[in-house]
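Read off the chains here:
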Amino acid sequence: KQIEALAASETGAITAIDPNTGEALAIASYSTVSSLNFALQGTFAPGSTYKVGSALAALEEGYISDSTTYVCNHTYPHLGGPTCLGNHGTTDVHEAIEVSCNIFFYYLGHGWGLDNITEYTKRLGLGSKTGIGLGERTGIVASEGYCEEHDLEWSEFDDATGAIGQSKHAYTPLQLSVYMSTVVNGGTRYAAHILKSIRTRGGEILLEKNAEVLDRVSISEENHKILMNAMSSVVSSSSVLSSYFGDLEVSVGGKTGTAETGREMSNALFSGFAPAEKPEIVVSCVLEEGDAGNNAAKVTAKVFDAYFGADEE
């Protein structure tokens, strides 16, 4: 099924940046049907990669703590019963990220309101210009205001599904890497940039690009640790993901996403970082109609392998 999904995907993009400076390490876009640069101009629902931002907002604002639990019996008991892929029982925020429990985040979005979450995720980089200096789309931040402006329907159902990265959310693969970088580095959103330096043929530096800070988001040391541990568990607790990243000499953390599209196949997303203890690279991959987030993780693993194997070669 994985091979079929990867073969069926006609559009994909991958972006890699240094989370400590915003330096773009790789930006790649592929499509058999369009010349559009999907890394900068393609917008996609982030799916479950968004749950990290939802959790951060709720933790920082005190709506939940690390001991808050919700019960997942597969079906949310409100709003017509949207479902989860699993039946996770009593779940805290660490486990909700690790197993990607929809029910936990339905409770956040529906009970607290999506606007409280998007205040954070926009500052983290989703729906904000990356600063890359090339033509890029800003994306769509799901909200009642956006729907009113575009004559679209909005309901409490969107508050719930928006918290798991569905509803009207639409962001670029580069924004996804900036967002994840801001989380893993502790809250500093750097402008993404391609220019590193300008030198003479003799190697003299004429200009060197300094890291540009676009925003600083408050993330407590405790909450940062919760999220980093949970995203490390996403990889280490999955036999499939562990098999992709197991040959690396460094540990990997990240979050998968499987975003519904209304078509037969979902979009596949993965945003990951390494080393997990002190990240120096963030890689995000989006495969249109790639079926499941694990498929995007498989592609991402090859980038990590090339990056961390470069010195050996």
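What you see is a predicted model, and the numbers here were worked out from it, not measured in a lab.

Draft legend 1. Layout of the sheet that holds strand β11 (residues 281-288). Sheet architecture is open: 5 strands sit in the order β2-β1-β11-β10-β9, paired in antiparallel fashion. Two strands bound the open sheet, and with one partner strand each, they are β2 (24-31) and β9 (253-259). On average, each strand axis in the sheet is inclined to that of its neighbour by 5 degrees, with strand direction left out of account. Here strand β1 (residues 11-17) pairs with β11 via 7 bridges, running antiparallel. In the sheet register, Ile14 faces β11, and the bridge partner there is Cys285.

Draft legend 2. Spotlight on the packing of aromatic side chains. This model, assessed by the stated rule, comprises 11 aromatic pairs. Summarising the aromatic geometry, the rings of Tyr63 and Trp112 are spaced 5.2 Å apart at their centres and angled 15 degrees between planes, so their arrangement reads as stacked. Separated by 49 residues along the polypeptide, Tyr63 in the loop between α3 (51-60) and β3 (70-72) and Trp112 in helix α5 (residues 102-112) bring together distant segments of the chain. Seen from their ring centres, Tyr70 and Tyr107 are 4.6 Å apart, and the 5 degrees between their planes marks the pair as stacked. A residue pair is termed long-range when its members are at least 10 positions apart, and Tyr70 in strand β3 and Tyr107 in helix α5 qualify at 37 residues. Cluster of aromatic residues (ring-pair linked, three or more members): Tyr70, Tyr76, Phe104, Phe105, Tyr106 and Tyr107.

Draft legend 3. Fine view of the packing of α3 against α5. Two numbers describe how α3 lies on α5: the axes approach to 11 Å, and their chain directions differ by 50 degrees. When the axis of α3 is compared with that of α5, the two are oblique. Taken as a pair, α3 and α5 cross one another with a handedness that is left-handed. Residue-level inspection shows Lys51, Ser54, Ala55, Ala57 and Ala58 of α3 in contact with α5, the latter providing Asn102, Phe105, Leu108 and Trp112.

Draft legend 4. Seen up close, the pattern of salt bridges. Here the structure, examined in full by the defined rule, presents 5 salt bridges. We note a salt bridge from Arg263 to Glu288, for which the minimum N-O separation is 3.7 Å. Highlighted residues: Arg263 in the loop between β9 and β10 (267-274) and Glu288 in strand β11, separated in sequence by 25 residues. Of the charged contacts in the structure, one is a salt bridge between Glu289 and Arg263, with a shortest N-O distance of 3.3 Å. One end of the pair, Glu289, is in the loop between β11 and α12 (293-308); the other, Arg263, is in the loop between β9 and β10, with 26 residues separating them in the sequence. For Glu289, a relative accessible area of 27% translates into the label partly exposed. Within this structure, Arg263, Glu288 and Glu289 form a network of salt bridges that share partners.

Draft legend 5. Examining the layout of surface pockets more closely. By volume, the largest pocket amounts to about 700 Å³. Lining the largest pocket we find 31 residues, and of these Ser48, Leu85, Ser100, Asn102 and Thr258 sit closest to its centre. Elements that contribute at least two residues to the lining of the largest pocket include exactly α5, α8 (156-162), β9 and α12. If one sorts the elements of the lining of the largest pocket by residue count, β9 sits on top with 4 residues.

Draft legend 6. Molecular detail of the pairing of β1. Burial runs high along β1: 7 of the 7 residues are buried. With burial as the criterion, each face of β1 is covered, one bearing Thr11, Ala13, Thr15 and Ile17 and the other bearing Gly12, Ile14 and Ala16. Sheet topology places β1 next to β2; 7 bridges connect them, and they run antiparallel. Bridge pairing in β2 links Thr15 to Ile27. Two successive antiparallel strands, β1 and β2, enclose a turn made up of 6 residues, where Gly22 displays a positive phi of approximately 90 degrees.

Draft legend 7. Representation of the side chain of Ser266. Relative to the helices and strands, Ser266 resides in the loop between β9 and β10. Those residues within four positions of Ser266 in sequence are excluded, and the remaining contacts are Thr258, Ala259, Glu260, Thr261, Glu289, Gly290 and Asp291.

Basis of the calculations
- Residues numbered from 1 in each chain as written.
- Predicted model: local features only at pLDDT ≥ 70, side-chain atom pairs only at ≥ 80, totals over all residues.
- Heavy atoms only, no water.
- Pairing = 2+ DSSP bridges.
- Helix = DSSP H or I, 4+ residues; strand = E, 2+ residues; numbered from the N terminus.
- Axes fitted to C-alpha atoms, helices over the stretch in contact; angles between N-to-C directions.
- Phe/Tyr/Trp six-rings, centres within 6.5 Å; stacked < 30°, edge-to-face > 60°.
- Parallel < 35°, antiparallel > 145°, perpendicular 65-115°, else oblique.
- Left-handed = near helix turned anticlockwise from the far one by under 90°.
- Contact = heavy atoms within 4.5 Å.
- Salt bridge = Lys/Arg side-chain N within 4 Å of Asp/Glu carboxyl O.
- Buried < 20%, exposed > 50% of the residue type's maximum accessible area, 1.4 Å probe, protein only.
- 1 Å grid on protein atoms, 1.4 Å probe; cavity = no way out; pocket = protein on both sides within 12 Å on 5 of 7 lines; lining within 4 Å.
- Points joined across faces, edges and corners; volume = space filled by probe spheres on them.

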